[in-house]
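Structure at a glance
Here are the chains, one letter per residue:
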Amino acid sequence: MGKELPYILQFYDNEVSLLISNKYGYPIMDSYRKFLFSKTYQMLCNPELEMWEFSPAGIFDIWESELVTGEPRNSLYLRRD
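These figures come from a predicted structure and were not determined experimentally. (Residues numbered from 1 in each chain as written. Predicted model: local features only at pLDDT ≥ 70, side-chain atom pairs only at ≥ 80, totals over all residues. Heavy atoms only, no water.)

This brings us to the overall build of the protein chain. Looking only at helices and strands, the protein chain features four helices and zero strands. Listed by position from the N terminus, the elements making up the protein chain come as α-α-α-α. Oriented by its inertia axes, the alpha-carbon framework of the protein chain measures out at about 35 × 35 × 20 Å. The buried share among the 81 residues of the protein chain stands at 36%. In the protein chain, the proportion of contacts linking residues at least 24 apart, taken out of those at least 6 apart, comes to 50%. Accessible area for the protein chain stands at about 5,200 Å²; split by element, carbon and sulfur atoms hold 53% of it. Each charge class in the protein chain was averaged separately, 8 positive and 12 negative side chains, and the resulting centres sit 5 Å apart. (Helix = DSSP H or I, 4+ residues; strand = E, 2+ residues; numbered from the N terminus. Buried < 20%, exposed > 50% of the residue type's maximum accessible area, 1.4 Å probe, protein only. Contact = heavy atoms within 4.5 Å. Areas by Shrake-Rupley, 256 points an atom, 1.4 Å probe, with all protein chains shown as cover. Lys, Arg positive; Asp, Glu negative; His and termini not counted. Charge placed at Lys NZ, Arg CZ, Asp CG, Glu CD.)

On to the packing of helix α1 (residues 5–24) against helix α2 (residues 28–36), then. Helix-helix packing is characterised by the crossing angle of the two axes and by the distance between the axes. Between α1 and α2, the shortest axis-to-axis distance is 8 Å and the interhelical angle comes to 115 degrees. The two elements α1 and α2 cross, and the hand of that crossing is right-handed. Here Y12, D13, V16, S17, L18, I20 and S21 of α1 come into contact with α2, specifically with I28, S31, Y32, F35 and L36. (Axes fitted to C-alpha atoms, helices over the stretch in contact; angles between N-to-C directions. Left-handed = near helix turned anticlockwise from the far one by under 90°.)

The subject of this paragraph is unusual backbone geometry. A positive phi is found at E50, a non-glycine position, where the angle reads about 50 degrees. Counting through the fold element by element, E50 comes out in the loop between α3 (39–45) and α4 (56–69).

Take the pattern of salt bridges next. Overall, the coordinates contain four salt bridges when judged by the stated rule. In this structure, E64 and K23 form a salt bridge, with 2.6 Å as the shortest nitrogen-oxygen distance. Within this pair, whereas E64 is found in helix α4, its partner K23 is found in helix α1, the two being separated by 41 residues in sequence. Of the charged contacts in the structure, one is a salt bridge between R33 and D30, with a shortest N-O distance of 2.8 Å. Taken together, the positions of R33 and D30, both in helix α2 and three residues apart, correspond to about one turn of that helix. Residue R33 is classed as partly exposed on the basis of its relative accessible area of 41%. Judged by its relative accessible area of 31%, D30 is partly exposed. (Salt bridge = Lys/Arg side-chain N within 4 Å of Asp/Glu carboxyl O.)

The next point concerns the environment of K34. Assignment of secondary structure puts K34 in helix α2. K34 has contacts with Y26 and W63, leaving out every residue within four places of it along the chain.

As structure tokens, this is what we get:
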């Protein structure tokens, strides 16, 4: 999985940044930075969590939960209730 992770991350970088930009009206580079410096992105980079099982829309939802609550684990995708 080590060799594939940069390609997977590049896919999510592009897709999630575009979703952020489209919803919030940020310039694409600002959206990219907001995503890269998030806890959600740190989780996505951790191969043990296997976050690539989620679609870009799912990762966006996790990021948005972090934006609103400060904690990505509050997303419906990650909660266990």
